[in-house]
Structure formats: structure tokens, C-alpha cells
Amino acid sequence: MSDHSFATRAIHAGQAPDPLTGAIIPPIYQASTHVQDGIGGFREGYEYNRAGNPTRSGLQTQLAALEGGASALSFASGLAAEDALLRGILKPGDHVLLGNDVYGGTYRLLTKVLAPWGIETTTVELGDADAIRQALRPETRIVWLETPSNPLLKIVDIAATAEIAHAAGAIVVVDNTFASPALQLPLALGADLVVHSTTKYLGGHSDVLGGAVVFADDRFYDQVKFQQFAVGAVSAPLDAWLTTRGIKTLAVRVRQHSENAQAIAEWAAARPEFETVFYPGLSSHPGHEIAARQMSGFGGMLSLALAAGPDAARAFAESTELFQLAESLGGVESLIGYPPDMTHASVRGTSLAVPENVVRLSVGIEDVADLIADLEQGLARIDV
Ligand SMILES: *Cc1c(COP(=O)(O)O)cnc(C)c1O
């Protein structure tokens, strides 16, 4: 598969037709255990489904192929994937350096769940190379970055950051949820591991939770695989199958998400009601040049700061109709959210807090003229 291009791999990797019946779509192996041909006589290595399941194996092969990785492991959620990665690699006394606008759930996992087990975490502005160098310690094991970030769409130079981290003996994990591998391949830019909430663009239809760890090589696979097996936060067969089905249309969906978001960003940039449009596809965005270099498109996420302030932002988030008010992102349907009270409520009052006049859009793949008309009627309904 590795000599095929991205869209082809997304459809075929790990998805050979069923050898028994020729069914073009491999079946959902909805089973908890596998019959043995004599004690220890496992067929294709399958034994008990916490250890392995053929539907999950197909998804894992597909995920590795998408990111250009050596292997991948899939989990019940993005945070379950992150937890297995962190506990597989870290030991008490280790330090993790995070971007200062990291996904709130990642921050919570490290500072609330893992801190009592001796893991230290600090945050830094990842756009500032000197600040990263100063924040690195001898104990720093992982530099964790997200680009574009959530919700302000900051861009981090993956290759430059990896160089700094590696020079200090740390490894680099990229949360590639926002860009998806259709737009950005962190392993090729020097990252050691990629994590995903497959709940978002990879699944793509807001109908399944999931997460993944993708490995550049075999250094960390056994440790994380052991966590997957020993703890058991695996993807269920139906969830793995739905994620696989979503991935097959990733390339075409992300192209449309990006095209629609670019049009909305340009529309919003010309409206006086918005004081800032956060979208890396705009040449005015501070990360535009790096994004143009390390991504093949700018994605479907954008945020808008309302000039009239927090009350207007809240009212706007409640005034749209096609853009439905909900957490999450990356589905075919457009969503709007008010980060300070929704996705980022857990970091309110911390150094990771989000400006109170910002709304976040996950731009879907509906007709973009309908989407812009919806935003216009929303503005008309609020007092700005
Ligand atoms: C949603 C999300 C996660 C967590 O994934 P879940 O599937 O919700 O557990 C992690 N990182 C980013 C960037 C996300 O958007």
C-alpha cells in the first residue's frame, strides 16, 4: 500500500475483501473470543478480544497507512489513547511539556489523573523557540504539541520544535486531530508519535468515539500495546468498523471542509462584527506561512472574536440554525460552540483560558452559501 497515494490508502489499507465469501467489506467481527485449534492453536494470532480483534486490526493497519507510520493502536476514545501512550512511556519523576493552548482534556489528564502518580507537567508558548528551550528540563520526556491548536488555531512549526526537543533528549508527540492526516503528516516532519481523537475528522460523521496512537517506528509500540491489553480501553468492533468506514471518505471530506472554511473566513474578515478571524488560511494569520509549508490545506476549524464582547459571542452561538450548538468537531454537519463555557470550561481561570468573546466553528460540508446565510441571520438576530 505504501506506494499508493493518500486517498487510495485510506480506502484500501487493512481492508482486503473477506477471503471466505468475497464480501467486499470485511465483516464486523462482533465476538469476544476465538476458538483455538488445540491449546494455544490461535488462528491468525487471535485469542481474546481485549488482546486483538480482526476489525480493530483492520482499522489499525488503515491508521498506520494514513500517517505513514510503522504501526498504530486504536482505543475507545482519544483520551484513552493518550492515557495508554503516557502511562506506557512515562515513569514517576518524568516531565511533560505542553503547548499553552493544548486540548483541555489532555491538560486535565496530565494534571489531575497522572500528577498524583509523579508526572510533572508545564505549559509553554510553543511558537517561541527560546521559551521552549528554557522550559525543557533533564527530566523532560515528552514535548506534546497540537497544530492547529484549539480554539485559536495557532500554528506550531513541527520540524523546528522536534529539532529542539530531540536535542534535549525528549520525544515529540503531535495531536493531529484538528488537521487530520489528509492535511498534515507529523511523522514525516520529525514527530515520534501521533495521537488522534478519531471521534472527529477520521470518523467524520459524529456517530462514534475513538482514539489512536500511531508510531513512527517500533521503539514504543510494545509498551503502549501492553497498556492497551492490560487496561483494555480498546475500540469495540462496531466502533472500529464505523471509524474505518468514515476514513474511506476522509480525503474528499477534508477538501470540502477546507474550501467551506476558507470561504467563511474570508466572509467574516470583511464583517465589522468580528474583531478577529482565527483561520490559518488567511494571509493575515500569524501562522499562515508555516501552515502553508507543513499542511496541504487549512482545515475546517475556525474561530471568531465578536467585537461587541462576551455577551454578543454567547448570543451568536445560540442564534444560528444550521450551525448547531454542540461540543465536538470534524463531522459533516456544521457546529458552533462557545469555548469558555463548553469545550474549555475545565481551563477557565488557568493560564490556558480562552478569550471570552470567541466562538468556535466546526465548518461542515453543507452548501457554503447556506452556511454563510445562516451566520448572517445569526448576526441579524443579536445585538451587535
Ligand atoms: C476531542 C479531542 C481529544 C479527545 O478525544 P476524545 O475522543 O473526546 O476522547 C483530544 N485532542 C483533541 C485535539 C480533541 O479535539
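Computed from a prediction, not measured in an experiment: that's the story for all the values here.

(A) Spatial organisation of the site of the ligand. If you check the shell around the ligand, you find 13 residues, and the closest are G78, D175, S197, T199 and K200. Between an oxygen atom of the ligand and a main-chain N or O atom of G78, the distance comes to 2.9 Å. Between the ligand and the protein, one listed contact pairs an oxygen atom with a backbone N or O atom of L79 at 2.9 Å. In isolation the ligand offers 380 Å² of accessible surface; the protein chains occlude 92% of this area. A total of three residues in the shell around the ligand trace back to one element, the largest contributor, which is helix α3 (residues 78-89).

(B) Expanded view of the packing of α3 against helix α7 (residues 221-231). Packing of α3 against α7 brings their axes to within 8 Å, and their N-to-C directions diverge by 120°. Classified by the interaxial angle, the pair formed by α3 and α7 is oblique. Handedness of the crossing formed by α3 with α7: right-handed. Note on element contacts: α7 touches α3 through Q223, V224, Q227 and V231, opposite A84, L85, R87, G88 and I89. Broken down by class, the residue content of the contact of α3 with α7 amounts to five nonpolar, three polar and one charged.

(C) Inspection of the sheet that holds strand β5 (residues 171-175) at higher detail. A sheet is described by the order of its strands in space; here seven strands give the open sequence β1-β7-β6-β5-β4-β2-β3, paired in mixed fashion. Here the strands that pair on one side only, and so sit at the sheet edges, are β1 (71-75) and β3 (120-124). Mean inter-strand twist for the sheet, computed between neighbouring axes without regard to direction, equals 20°. Direction of pairing for strand β4 (residues 140-146) relative to β5: parallel, over a ladder of five bridges. Bridge assignment links W144 to a residue of β5, and that residue is V173. Lying on the sheet, α7 is in contact with β1 and β7 (211-215); it crosses β1 at an angle near 20°.

(D) Focus on the side chain of T121. Locating T121 in the fold gives a position in strand β3. In contact with T121, not counting residues within four places along its chain, are H95, V96, L98, L110 and T111.

(E) Spotlight on the domain arrangement of the chain. You can read the domains of the chain as domain 1 (6-247) and domain 2 (252-380). Taking only C-alpha atoms into account, the centre of domain 1 sits 26 Å from that of domain 2. At the interface, 33 residues of domain 1 touch 38 residues of domain 2. Carbon and sulfur atoms make up 61% of the area that domain 1 and domain 2 hide from each other, which totals about 2,800 Å². In this structure, the salt-bridge partner of D157 is R293, at a minimum N-O distance of 3.5 Å. Where domain 1 touches domain 2, the interface holds 14 residue pairs in polar contact (both at pLDDT 80 or more). Counting residues per element, the ones that place at least two in the side of domain 1 that touches domain 2 are α4 (104-114) and α8 (237-247). By residue number, the principal contributor to the side of domain 1 that touches domain 2 is α4, which donates three residues.

Parameters and conventions
- Residues numbered from 1 in each chain as written.
- Predicted model: local features only at pLDDT ≥ 70, side-chain atom pairs only at ≥ 80, totals over all residues.
- Heavy atoms only, no water.
- Near = heavy atom within 4 Å.
- Polar contact = N/O pair within 3.5 Å; in protein donor to acceptor, adjacent residues only side chain to side chain.
- Areas by Shrake-Rupley, 256 points an atom, 1.4 Å probe, with all protein chains shown as cover.
- Helix = DSSP H or I, 4+ residues; strand = E, 2+ residues; numbered from the N terminus.
- Axes fitted to C-alpha atoms, helices over the stretch in contact; angles between N-to-C directions.
- Parallel < 35°, antiparallel > 145°, perpendicular 65-115°, else oblique.
- Left-handed = near helix turned anticlockwise from the far one by under 90°.
- Contact = heavy atoms within 4.5 Å.
- Nonpolar A, V, L, I, M, F, W, Y, C, P; charged D, E, K, R; others polar.
- Pairing = 2+ DSSP bridges.
- Domains from an automatic or database assignment.
- Buried area = accessible area lost by both parts, 1.4 Å probe.
- Salt bridge = Lys/Arg side-chain N within 4 Å of Asp/Glu carboxyl O.

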